[in-house]
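Residue-level structure breakdown
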Amino acid sequence: MSEEKKSLNFIEHIIEEDLRNGFSTDDLRFRFPPEPNGYLHIGHASSICLNFGLGLTYNAPVNLRFDDTNPEKEEQEYVDAIKRDVSWLGFEWNHECYASDYFPHLYEWAVELIKQGKAYVDSQSSEEIAAQKGTPTTPGKESPYRNRLIEDNLDLFERMKNGEFEAGDQVLRAKIDMTSSNMLMRDPIMYRIMHKYHHRTANNWCIYPMYDWTHGESDYLEQVSHSFCTLEFAMHRELYDWFLDQVYDSEKIRPKQREFARRNLSHTVVSKRKLLQLVKEGHVTAWDDPRMPTISGLRRRGYTPNSIRNFADTIGIAKRENLIDVSLLEFCVREDLNKIAPRVMGVLDPVKVVITNYPEDGEEWLDAENNPEDEVMTYRKVPFSRELYIEKEDFREEANRKFFRLKLGGEVRLKNAYIIKAESCVKDENGNVTEIHCTYDEDSRSGSGTEASMRKVKGTLHWVSVAHAQEAEIRIYDRLFADAAPDSHKDKNFLEFINPDSLQVVTGYVEPSLASAKVGERFQFQRIGYFCVDKDTTNDQLVFNKTVGLRDTWAKLESK
RNA sequence: UGGCCUAUGGUGUAAUUGGUAACACAGCUGAUUUUGGUUCAGUCGUUCAAGGUUCGAGUCCUUGUAGGCCAACCA
């Protein structure tokens, strides 16, 4: 096997160049820094795969760091969910870190900055501060408190920490440049007062550091070498570097921030805020609703970690705007599931077939292939009897030769069983077919080796014996949004594009071997698609989620 | 009347750093098949524009054009 030379993305090029310039591989260290204010989604999966993937290729440690500087939005529930999702994706972090662990250190550094005259306490309201900030095209004005005495700043800042002020009364600002073309450099706020309970530090603090002041210093404290974030932070880089300059010791590793474009998936949204809205307003049942593009939703839908990693790998990392078609994600699950999912038979929209020349009380347990993709074929037993269910759409009274399925006077193979011929059908008063009467060729049993069993018939149908069928609730999902980019319309709310038919619940009949299926197990319902057992399954109710359909070239033909 | 970033088939991403534009998905043909699945073979189609440097430009330079981001005590 010759190893293909793998092409590198721009991030890997940056690392390779640093290595060429003398940076030691041993000093490489990465981090994945989620804010615990929501569940991880498919976009985060790209970032996770990037950072942890880099850790794997360079044998470097990767920290999981919670960016928990805003107690207003953050919760332990999200911390737990994030850890579960990263682990499930198959990655191991070196240290589990929290920005809140650095609060004391950050505070000391802030005091140092004040002493150096590089930070000051501003006693204005947020409105006043905003008014002085200027706009992208006009410079800002300096705060009247900008040149406060160092000892006054020290005193005020300590009193802020001690809880002597109400939220909003004071802030600590870095003294940089109110005329900078980069608005983030116009004396950015480092600390604000919040009398809020924090999920880790409880009520120990009533001042909380802002993102810019926290993030780079956290990277530095952890000695992260490369800090990757999304494009909207590109302008923050100048500030990131400025803050780093204030504390940097040249003996240590200086973290480097670089930005990549977030991945957008068609027919959904990847924004924690919007996903939260979908949950809160009840458009979906929960963060792990199988229609959600969250990691937990995809997991519940039946996606495999492997398929998501392959997807991330296939779409790559770059800096341009993008909208990745879901069909690529779907390809990745099918690719994986085709190899690993056991084949079973289930009928979702049943119509009864009666084999008139089969004994009334006859019953046979036939061998059925578990997965033709396996190197060594294994088999299970499926019951066959006189009355069966097949899919309604697999029968037509008459049809042209392109219809390979069952039609009056025509023959078809029942998968793993016999060749049958449709003789007549029974209809209700509305003309709907309620029963199809067939005869079977008793010499044609699959695998029997008889001449009749080798006969070529064009169509093969899946089926389930009525007497042995296991009833199951089947949840069939379609895209959550009808529009490819629901949140790209300036004049329309993304909710307007919700697909009202994204969930369809039907009662289906599956082969009895599925009675013992466990939550999370994945199967291919032959000729239909991939399904997995939902957590709502109980002892007397099986529930399946449809992960994705099989490629359906017949449906494509028909729609032409 | 600012600053930063980006532009490669329908979609996503590459191109040994200036040397034949390729890979995957999607589409289309056909073959195989006891899943209209899988597999296999084939096919369609690409460097934003205009100049410039060069023997040679997707890559470098200039000027445009288009799109994204920046005025939260969010991250």
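Residues numbered from 1 in each chain as written. Chains lettered and ligands numbered in written order. Predicted model: local features only at pLDDT ≥ 70, side-chain atom pairs only at ≥ 80, totals over all residues. Heavy atoms only, no water.

Quick word on the overall build of chain A
If you tally the helices and strands in chain A, you get 13 helices and 27 strands. Its C-alpha atoms give chain A principal-axis dimensions of roughly 100 × 55 × 45 Å. Here chain A has roughly 26800 Å² of accessible surface; of this, 46% comes from carbon and sulfur atoms. Charge separation in chain A, taken as the distance between the mean sites of 74 positive and 95 negative side-chain charges, equals 4 Å. (Helix = DSSP H or I, 4+ residues; strand = E, 2+ residues; numbered from the N terminus. Areas by Shrake-Rupley, 256 points an atom, 1.4 Å probe, with all protein chains shown as cover. Lys, Arg positive; Asp, Glu negative; His and termini not counted. Charge placed at Lys NZ, Arg CZ, Asp CG, Glu CD.)

Quick notes on empty space enclosed by the protein
Applying the stated criterion to the full structure yields 1 cavity of 30 Å³ or more. Its boundaries defined by the atoms lining it, the largest cavity holds a volume of some 40 Å³. Around the largest cavity, the lining residues are M345, V382, P383, W463, V464, S465, E511 and P512. Among the secondary structure elements, those contributing two or more residues to the lining of the largest cavity are β14 (379-385) and β22 (464-465). Residue classes in the lining of the largest cavity are distributed as 6 nonpolar, 1 polar and 1 charged. (1 Å grid on protein atoms, 1.4 Å probe; cavity = no way out; pocket = protein on both sides within 12 Å on 5 of 7 lines; lining within 4 Å. Points joined across faces, edges and corners; volume = space filled by probe spheres on them. Nonpolar A, V, L, I, M, F, W, Y, C, P; charged D, E, K, R; others polar.)

Structural notes on the packing of aromatic side chains
The final tally for this structure, using the stated rule, is 27 aromatic pairs. The interplanar angle of 80° and the centroid separation of 6.2 Å between the aromatic rings of Y78 and W287 together place this pair among those described as edge-to-face. Linking Y78 in helix α3 (residues 76-88) with W287 in the loop between α9 (272-280) and α10 (295-301), this pair joins segments that are 209 residues apart in sequence. Look at Y78 and you get buried, because its relative accessible area is 7%. These aromatic residues form a ring-pair network of at least three members: F103, Y107, F157, Y191, W205 and Y208. In this arrangement the basic side chain of R254 is found over the ring face of Y248, its NZ or CZ atom lying 5.1 Å from the centre. Of note, R299 hangs over the ring of W88, and the distance from its end group to the ring centre comes to 5.2 Å. (Phe/Tyr/Trp six-rings, centres within 6.5 Å; stacked < 30°, edge-to-face > 60°. Buried < 20%, exposed > 50% of the residue type's maximum accessible area, 1.4 Å probe, protein only. Lys NZ or Arg CZ within 6 Å of the ring centre and 35° of its normal.)

Considering the sheet that holds strand β27 (residues 542-549)
Spatial strand order, β10-β25-β26-β27-β23-β24-β11: 7 strands in an open sheet with mixed pairing. Each of the sheet's edge strands pairs with one partner strand only, and the pair in question is β10 (343-344) and β11 (346-347). Where strand β23 (residues 470-477) and strand β24 (residues 503-510) come together, 8 bridges link them in antiparallel fashion. Counterpart to A472 in the pairing with β24 is G508. Strands β10, β25 (522-525), β26 (529-533) and β27 of the sheet are contacted by helix α12 (residues 326-340), whose axis makes an angle of about 120° with β27. (Pairing = 2+ DSSP bridges. Contact = heavy atoms within 4.5 Å. Axes fitted to C-alpha atoms, helices over the stretch in contact; angles between N-to-C directions.)

Some thoughts on the nonpolar core
Grouped together as the largest cluster of nonpolar side chains are 47 residues, with contacts concentrated most on I15 and V86. At the level of elements, α1 (10-20), β1 (30-32), α2 (42-58), β2 (62-66), α3, α10, α11 (305-315) and α12 are the ones that each hand at least two residues to this core. The biggest single contributor to this core is α2, with 8 residues. (Core = buried A, V, L, I, M, F, W, Y, C linked by side-chain atoms within 4.5 Å.)

Description of the protein's contact with RNA strand B
Looking at RNA strand B, there are 70 residues lining it, with T69, R320, R343, S446 and Q524 nearest. Protein-proximal atoms of RNA strand B, defined as those within 4 Å of the protein, fall in sugar or phosphate at a share of 61%. Here a phosphate oxygen of RNA strand B and a backbone polar atom of I317 are 3.0 Å apart. Within the backbone of L323, a nitrogen or oxygen atom sits 3.1 Å from a sugar or linking oxygen of RNA strand B. Tallied by class, the residues present in the surface near RNA strand B amount to 24 nonpolar, 24 polar and 22 charged. (Near = heavy atom within 4 Å. Polar contact = N/O pair within 3.5 Å; in protein donor to acceptor, adjacent residues only side chain to side chain.)

Looking at the UniProt feature "domain: tRNA synthetases class I (E and Q) anti-codon binding" (unreviewed entry) in chain A
Annotation from UniProt places "domain: tRNA synthetases class I (E and Q) anti-codon binding" (unreviewed entry) at residues 460-534. From the first C-alpha to the last, residues 460-534 spans 29 Å; its make-up is 0% helix and 39% strand. (UniProt positions renumbered as here; feature names shortened; annotations may be inferred.)

Looking at the sheet that holds β1
Read from one edge to the other, the open sheet built from 3 strands follows the order β1-β2-β3, with strand pairing classed as parallel. The sheet terminates laterally at β1 and β3 (96-98), the two strands that pair on one side only. Along the sheet, successive strands turn relative to each other by an average axial angle of 35°, direction set aside.

Some remarks on the domain arrangement of chain A
According to the domain assignment, chain A consists of domain 1 (103-210), domain 2 (261-343 + 470-559) and domain 3 (346-462). Centre-to-centre, using C-alpha coordinates, domain 2 lies 30 Å away from domain 3. Broken down residue by residue, the surface that domain 2 buries against domain 3 is led by Y509, R527 and W554, which jointly contribute 35%. Here domain 2 and domain 3 share 3 salt bridges between them. Ionic pairing is found between R396 and E558, a salt bridge with its closest N-O pair at 3.1 Å. (Domains from an automatic or database assignment. Buried area = accessible area lost by both parts, 1.4 Å probe. Salt bridge = Lys/Arg side-chain N within 4 Å of Asp/Glu carboxyl O.)

Considerations on the side chain of Q246
Here Q246 lies in helix α8 (residues 236-247). Side-chain polar atoms of Q246 contact the backbone oxygen of W242, separated by 2.9 Å. The residues contacting Q246, other than those within four sequence positions of it, are L113, Q116 and K118.

Thoughts on the pattern of salt bridges
Evaluation of the coordinates by the stated rule reveals 40 salt bridges. For K392, the salt bridge is made with D349, and the minimal N-O distance between the two is 3.4 Å. Here K392 is found in the loop between β15 (387-391) and β16 (395-396), whereas its partner D349 is found in the loop between β11 and β12 (350-355), with 43 residues between them in sequence. Three or more residues joined by partner-sharing salt bridges are found here, namely D288, R300, E473, R475, D534, K535 and D536.

Observations concerning α9
Taken together, the buried positions of α9 are K272, K274, L275, Q277, L278 and V279. Looking at the buried residues of α9, the elements they touch are α2.

Describing α12
Its 15 residues place the ends of α12 21 Å apart at the C-alpha level, agreeing with the 21 Å of an ideal helix rising 1.5 Å per residue. Inspection of α12 places V326, L329, E330, C332, V333, D336 and L337 among the buried residues, and these make up the whole buried set. The arc enclosing the buried residues of α12, seen along the axis, measures out at 155°, which places them on a common side. Among the structural elements, α10, α11, β10, β25, β26 and β27 are those in contact with the buried residues of α12. (Expected span 1.5 Å × (residues − 1). Arc of directions from axis to C-beta.)

So, the packing of helix α4 (residues 103-115) against helix α6 (residues 150-161)
Between α4 and α6, the shortest axis-to-axis distance is 9 Å and the interhelical angle comes to 160°. The orientation of α4 relative to α6 falls into the category roughly antiparallel. Two packed elements cross with a definite hand, and for α4 against α6 that hand is right-handed. Where α4 abuts α6, its residues Y107, A110, V111, I114 and K115 lie against I150, N153, L154, F157, E158 and K161. Of the residues contributing to the contact of α4 with α6, the split by class is 7 nonpolar, 1 polar and 3 charged. (Parallel < 35°, antiparallel > 145°, perpendicular 65-115°, else oblique. Left-handed = near helix turned anticlockwise from the far one by under 90°.)

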